[in-house]
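# Architecture and fold: a report
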Amino acid sequence: MAKLGFIGLGNMGGPMAANLVKAGHQVTVFDLSAEALKQLEAHGAVAADNVSDVCAGADFVISMLPASKHVRMIYTGEDGLINYLEKSTLVIDCSTIDAESAQFVGNTLAQAGIAFVDAPVSGGVAGAAAGTLTFIVGGSDADFNKAQTVLNDMGKNIFHAGAVGAGQVAKICNNMLLSILMAGTSEALQMGVDHGLDPKVLSEIMLNSSGRNWTLELYNPCPDVLENVPSSNGYKPGFMVDLMAKDLGLAMQAAQQTNSATPMGALAKNLYNLMQNQGSGSEDFSAIFKLYSQKQ
Ligand code: NAD
């Protein structure tokens, strides 16, 4: 069993750290929230008073923070972890951030002799609690192999996308495609409904035709086509509009870096920003269906 430091005990990090304790690891945790620390103590983790305490003797330091600025600050900012990490520690950042920031942190730590992988996740809060997350890892072969030994205790599928930063790129490629599929599926379903079709019948037809896709099959955005999905539960998340909008912002940033053409992704980003402006930021991302279905 390993000695682990874990920073960022929010909706995702809290249950992830709890699963590491459950797997038998010795886990020292840190968060700015005293309440979050208390909850993890109740699971058997040791609460650190400051960020440097998570580094002492740690085989791995794992972070699950809101955004790029937090990750840059925690590792490479003034009094950052770079000053306290041991050379034998592998740093695993699971936050969803831009690839450039992941590379910056990875390179800065590498110059101090400390290994780093980016390992953003897919699977949401339910996957974090159930220990069934998908991890998409960027880093060297050796660091990927080492990271797997603890990622296995929080997830089910662990992919090696490439070098440091590649995990973040693969994750936002997937989420950009997901948003486009969700918007397109909503658009097609509503056009059928406008013409008097039953959305259940139309979904069945498209599922057995070339329009078949994950959103139609498992996360149908039209209410009451499927049970136990956010659309049939008042669009309660699930995966929030705010988080999809964040990921699409990262996707556009990545596209700009390489001059990649992403017209569909740009449109999806605008639609999700529109939803945020309309006050739907905390609804599930399948609520985009309402942009098409709610007519004045
Ligand atoms: P969250 O806001 O619930 O949790 C973030 C935690 O980080 C909070 O507890 C906060 O107190 C802590 N924190 C912030 N700054 C800190 C600092 N300087 N030192 C210590 N702790 C600090 O966020 P979340 O939903 O857990 O998401 C975390 C990351 O996971 C994000 O990058 C998000 O995009 C990604 N993600 C979230 C989901 C989801 O469904 N929530 C799914 C996939 C990926």
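This section reports on the structure supplied with the text. For clarity, every value in this text was computed on a predicted model and none was experimentally measured.

What counts, and at which threshold
Residues numbered from 1 in each chain as written. Predicted model: local features only at pLDDT ≥ 70, side-chain atom pairs only at ≥ 80, totals over all residues. Heavy atoms only, no water. Helix = DSSP H or I, 4+ residues; strand = E, 2+ residues; numbered from the N terminus. Buried < 20%, exposed > 50% of the residue type's maximum accessible area, 1.4 Å probe, protein only. Contact = heavy atoms within 4.5 Å. Areas by Shrake-Rupley, 256 points an atom, 1.4 Å probe, with all protein chains shown as cover. Lys, Arg positive; Asp, Glu negative; His and termini not counted. Charge placed at Lys NZ, Arg CZ, Asp CG, Glu CD. Near = heavy atom within 4 Å. Polar contact = N/O pair within 3.5 Å; in protein donor to acceptor, adjacent residues only side chain to side chain. 1 Å grid on protein atoms, 1.4 Å probe; cavity = no way out; pocket = protein on both sides within 12 Å on 5 of 7 lines; lining within 4 Å. Sits in = over half its atoms within 2 Å of the grid points. Domains from an automatic or database assignment.

What the chain contains, in helices and strands, is 12 helices and 9 strands. The principal-axis extents of the C-alpha atoms in the chain amount to approximately 65 × 45 × 35 Å. Out of the 296 residues in the chain, the part that is buried amounts to 50%. Taking the contacts inside the chain whose residues are at least 6 apart along the sequence as the reference set, 63% of them involve residues at least 24 apart. Element-wise, carbon and sulfur atoms account for 53% of the exposed surface of the chain, whose accessible area totals about 13,800 Å². Of the side-chain charges in the chain, 16 are positive and 27 negative, and the distance between the mean point of each set is 2 Å.

Before going further, it helps to spend a moment on unusual backbone geometry. The step from P237 to G238 runs through a cis peptide bond, and the omega angle for that step is 15 degrees. Structurally, G238 is set in the loop between helix 9 (214-218) and helix 10 (241-258). Despite not being glycine, D79 shows a phi value in the positive range, around 60 degrees. By secondary structure assignment, the location of D79 is in the loop between helix 3 (68-76) and strand 5 (90-93).

Near the ligand, the surroundings consist of 23 residues, among which N11, M12, D31, L65 and K246 are the closest. In the environment of the ligand, an oxygen atom lies 2.9 Å from a nitrogen or oxygen atom belonging to the backbone of N11. Between the ligand and the protein, one listed contact pairs an oxygen atom with a side-chain N or O atom of D31 at 2.6 Å. Protein coverage of the free-state accessible area of the ligand, which is 830 Å², stands at 84%. Applying the majority rule of atoms within 2 Å of the grid points places the ligand in the largest pocket. Counting residues per element, the ones that place at least two in the shell around the ligand are helix 3, helix 5 (124-130) and helix 10. A total of 3 residues in the shell around the ligand trace back to one element, the largest contributor, which is helix 3. When we break the shell around the ligand down by domain, the ones giving at least three residues each are domain 1 (3-163) and domain 2 (169-293).

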